[in-house]
Structures are given as C-alpha cells and as structure tokens.
Amino acid sequence: MAVHWTCSIPRENPDIERSGLLSDSEWEALYTKAEGYLCLHSDVFDDSIRHIVVKNTILSQFPDRGVRNLPLAVQANPDDPALVKWSGTDVILGDKLIDLLKNDDQKNFQLLTEHICYELGQSEDGKSIHLARCRDLTKNQKVVIYAKQFVVCAGAVRTPQLLHASGIRPKALGHYLCEQPKSFCQVVLKEQTVKDVGDTSFIGLTPAMKKAIQDHKDANPKDPVPIPNDDKAPQVPILHVPIGENSNFHCLLQVNIPFS
C-alpha cells in the first residue's frame, strides 16, 4: 500500500466500505495497532504554506464535506524540519528488532533486496511448498530458497499471479479481482489566491508563515510566486475528502506526485 497509495492510510467508512466480518471493537483494535506500526500522523504538513492555502480554500467552498488532513504513514525529521520520513519496513519492524536481526548469530533472518519471486515449488504430493524460485535483479541470477513454510504477501494482483505461475490454481483464483474507478485532474490556484498569500492576508497563515513569505519576497522580488523555495513539498495526498452520506467517492489532493 505504501507503493500504491503513497503512504496514505485512511480508515474505511464503516457503513459503505468496511467488511462486516469483524465487529466494530475488533476493527478499532486492529486499526489502532496497525496505525501504531505504520507511525500514523496527520499533522506533519501543517507547517506547509501550500498545504494550508489549498486546504483552507477548499474548506471555504465545501464546508460540509468533511475536508481534513489525510492520515499518513510518516513522521517529521527532527534534524531538518523541511524533511519527513516515510514509513517503510524499517519503521514497522522498529530499531530494536532490526538491530537484533542484524546481530543474529544464528542467521535466522535475511532480507534480500532487489529480488523477485517468480515461482513456488510444490512437494511431490502437492500438499506443501518446499522452495521458492527467485531472481537476483542486480546480477540477473537465479536463486532458490528452501524453507519449511512460506508466506506470500504480494498484493491483490501479484499474489494470484505468483500462485497461478506456480500451478496453484483454486477455482476462485483471479475471479474476483477489481480496481476502484479513478479520475485525475489538475488543480490550479486562482491568481487572486496567490496574491492574497503574497500580501499575507490569506486566512490561516501563521506568523511564522507570514515571516517566511515576506523574507522570500525580499530576497526574490521578481518571483511571481510568493511561496519560499524551501516550503515543505508534500509528495503524497495531503487532504482527504472522505466517503460518506453525500458522496460515494474519496478525493485525494496530491502535490508533486511523480506519476500524477
């Protein structure tokens, strides 16, 4: 999900999206635990001028849509406020566990980066998996991994793809794959909004933001955009218009996404 949704981790709407297989209390406990592993934060970009400008502009036009900061798997960088740290495997495992695994004298753990698994090898009776055939992408070499047990966590598409390639083909495999409909567009701020930011009259700007804007204008008098160059540039959705009674769609406003 960090790859597909760029570390965006909102909860599903309990009435429209969420499965009824678990009770509300079970969902709450599981969500809370998962959000702790992922280091959930919703306020990391609150010191971004662009974030405040876009958010407050939308709020003024759609006050009843529940516009709010998007929950993200991210944390502020204590050494540089202009940077953030996105959650990955290292964050989920935690520093103590990673140090323990690095110092594991028994060699019970090994993380193979730049490897792809393309087939699982079944036992002769077809009741178990005894090996995984992989490829080291950095050397273009085949690698065979033996183990007593294998866990396949390759996502909703690649998991059935790997199972099918391995001859593991139950009747339901691949029959219920679906993708949610998406629509992309570009948002451009009105010239008047940019001017309001420039003269610091835009509602919501903090004293620190106003000072940063004025300092940027003084240092760059010919720059038509009065936003400092080092203003935090979010790389993922920063706003979340949630699904609900008045809408069956999410809206995620993304800034500087490489694929947008």
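On a predicted model such as this, the values are computed, not experimentally measured, just so you know. The residue numbers shown here count from 1 along each chain, following its written sequence. Per-residue local features are limited, in this predicted model, to residues with pLDDT of at least 70; the limit for side-chain atom pairs, both in listing and counting, is 80 or more; totals at the level of whole chains, interfaces and linings are taken over all residues. The side-chain quantities take in all heavy atoms of the structure and omit both hydrogens and water.

Caption draft 1: A look at the sheet that holds strand β6 (residues 129–136). Spatially, the three strands line up as an open sheet ordered β5-β6-β7, and their pairing is antiparallel. The strands lining the two open edges of the sheet, one partner per strand, are β5 (115–122) and β7 (141–146). Shown here is a sheet whose adjacent strand axes are inclined to one another by a mean of 25°, direction ignored. A strand pair is defined by DSSP finding two or more bridges across the two strands. Helical segments are the DSSP runs of H or I of at least four residues, strand segments are the runs of E of at least two, and each set is numbered from the N terminus. Judged from the six bridges that link them, β6 and β7 form a sheet pairing that is antiparallel. Lines are fitted to the C-alpha atoms to define the axes, a helix being fitted only along its stretch in contact, and any angle between axes, read from their N-to-C directions, falls within 0 to 180 degrees.

Caption draft 2: Representation of the confidence of the model for the protein in the model. Summarising the model, the protein shows a mean pLDDT of 83, and 86% of its residues fall at 70 or more. What pLDDT reports is the predictor's confidence in each residue, on a scale of 0 through 100. Contacts are assigned to residue pairs that have any heavy atoms within 4.5 Å of one another. Counted against residues more than four places away or in other chains, residues 256–260, with its pLDDT under 50, gives nine contacts.

Caption draft 3: Quick look at the nonpolar core. I49, I52, V53, V197, F202, L205, M209, I213 and I227 form the largest nonpolar core, which has nine residues in total. With three residues, helix α2 (residues 49–61) is the single largest residue contributor to this core. Beyond its immediate sequence surroundings of up to four residues, I213 is in contact with I49, V197, G198, T200, L205, P226 and P228. In this description, a nonpolar core means a group of buried Ala, Val, Leu, Ile, Met, Phe, Trp, Tyr and Cys residues linked to one another through side-chain atoms lying within 4.5 Å. Partly exposed residues are those whose accessible area sits between 20% and 50% of the maximum for their type, while under 20% is buried and over 50% is exposed, using a 1.4 Å probe and protein chains only. Residues L120, A132, C134 and L173 belong to the second largest nonpolar core, which totals six residues.

Caption draft 4: Inspection of the pairing of strand β3 (residues 72–76) at higher detail. Pairing analysis gives two bridges linking strand β1 (residues 40–41) to β3, with the strands arranged antiparallel. Residue pairing across strands places L40 opposite A73, the latter belonging to β3. Pairing geometry for β3 and strand β4 (residues 84–86), over three bridges, is antiparallel. Its bridge partner lying in β4, V74 is registered against W86.

Caption draft 5: Spatial organisation of the pattern of salt bridges. The rule for a salt bridge is simple: a side-chain nitrogen of Lys or Arg has to be within 4 Å of a carboxyl oxygen of Asp or Glu. Under the counting rule described, the total for this entry stands at seven salt bridges. Members of the salt-bridge network, linked through shared partners, are R11, E28 and E35.

Caption draft 6: A look at helix α5 (residues 155–165). Residues T159, P160, L162 and L163 constitute the buried set of α5. The arc that holds every buried residue of α5, seen down its axis, measures 160°, which confines them to one face. Looking at α5, the residues exposed on the side facing more than 90 degrees away from the buried face are V157, R158 and Q161. For α5, the elements touching its buried residues are β5. Looking one or two residues beyond α5, the residue adopting positive phi is G167, at roughly 80°. The arc in question is the one spanned by the directions pointing from the helix axis to the C-beta atoms.

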